[in-house]
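# Examination of the molecular architecture
These are the residues of each chain, in order.
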Amino acid sequence: RKDEAKEGIEEISDILEKALDDLRHISRTMNTEIIKKGGLKKSIEMQVGYIQRGGKFNIQLNVNGEPLSLNETKEIILFRIIQEAVNNIIRHAAATDVCISLCYQKNFLKLQIQDNGKGFNLNEQISGPNHIGGIYNMRHRAKLIEAEFQMESEIGKGTNITVTTLY
């Protein structure tokens, strides 16, 4: 009887894991289509609107300069970095305010994601047992598009991520 229950729980767990994988895949596909059709700015606006409707965070998008299109791959990767950062803020930061900024300059785009969360010791995060996670993913993605990635965090003062990429 115990074995049957354990098997049932494992089966349900497998089904849920598969469903979550499918949902992630659908979400990535939809976001990619939105970026292809509407561009990075529009995609971020939609994400911000979705989070605002949740009511738990004061989140905003600031855009400075004249929005220029980057190549599709860069826009998709920048959007993934934003998703990773916001997901980390939601899960770990205990933040109330989140600000995403796009600053369009003559030759480059500067993306910033800031929060007023609890912050953390960056050196411990990078060298600790959980270092293969969000920070690694964001750094790796930035490197794929030859973007500069910077992250600053201070306990009690939140986190600031800056990604700078050429057009």
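Placed above this text is the structure.
Reference entry: report on the structure contained in this document. (Residues numbered from 1 in each chain as written. Predicted model: local features only at pLDDT ≥ 70, side-chain atom pairs only at ≥ 80, totals over all residues. Heavy atoms only, no water.)

With phi around 55°, Ala-94 is a residue other than glycine that occupies positive phi space. Mapped onto the elements of the fold, Ala-94 is located in the loop between α2 (72-93) and β2 (97-104). Judged by relative accessible area, Ala-94 falls into the exposed class, the value being 63%. Phi is positive for Glu-146, close to 55°, though the residue is something other than glycine. (Helix = DSSP H or I, 4+ residues; strand = E, 2+ residues; numbered from the N terminus. Buried < 20%, exposed > 50% of the residue type's maximum accessible area, 1.4 Å probe, protein only.)

Below, the discussion takes up the sheet that holds strand β1 (residues 58-64). On the basis of which strands lie adjacent, the open sheet formed by 5 strands has the order β1-β2-β3-β5-β4 and mixed pairing. Two strands lie at the open edges of the sheet, namely β1 and β4 (148-154), each paired on one side alone. The average angle at which neighbouring strand axes cross in this sheet is 10°, direction not considered. Relative to strand β5 (residues 158-166), β4 is paired through 7 bridges, and the arrangement is antiparallel. Its bridge partner being in β5, Ser-153 is matched across the sheet by Thr-159. (Pairing = 2+ DSSP bridges. Axes fitted to C-alpha atoms, helices over the stretch in contact; angles between N-to-C directions.)

Attention now goes to the pattern of salt bridges. The final tally for this structure, using the stated rule, is 3 salt bridges. The shortest N-O distance in the salt bridge between Lys-41 and Glu-45 comes to 2.9 Å. With a gap of 4 residues between them, Lys-41 and Glu-45 both fall in helix α1 (residues 2-54), about one helical turn apart. The closest approach of N and O atoms between Arg-141 and Glu-84, which form a salt bridge, is 3.5 Å. You can see Arg-141 sitting in helix α4 (residues 134-144) and its partner Glu-84 sitting in helix α2, a full 57 residues away along the chain. (Salt bridge = Lys/Arg side-chain N within 4 Å of Asp/Glu carboxyl O.)

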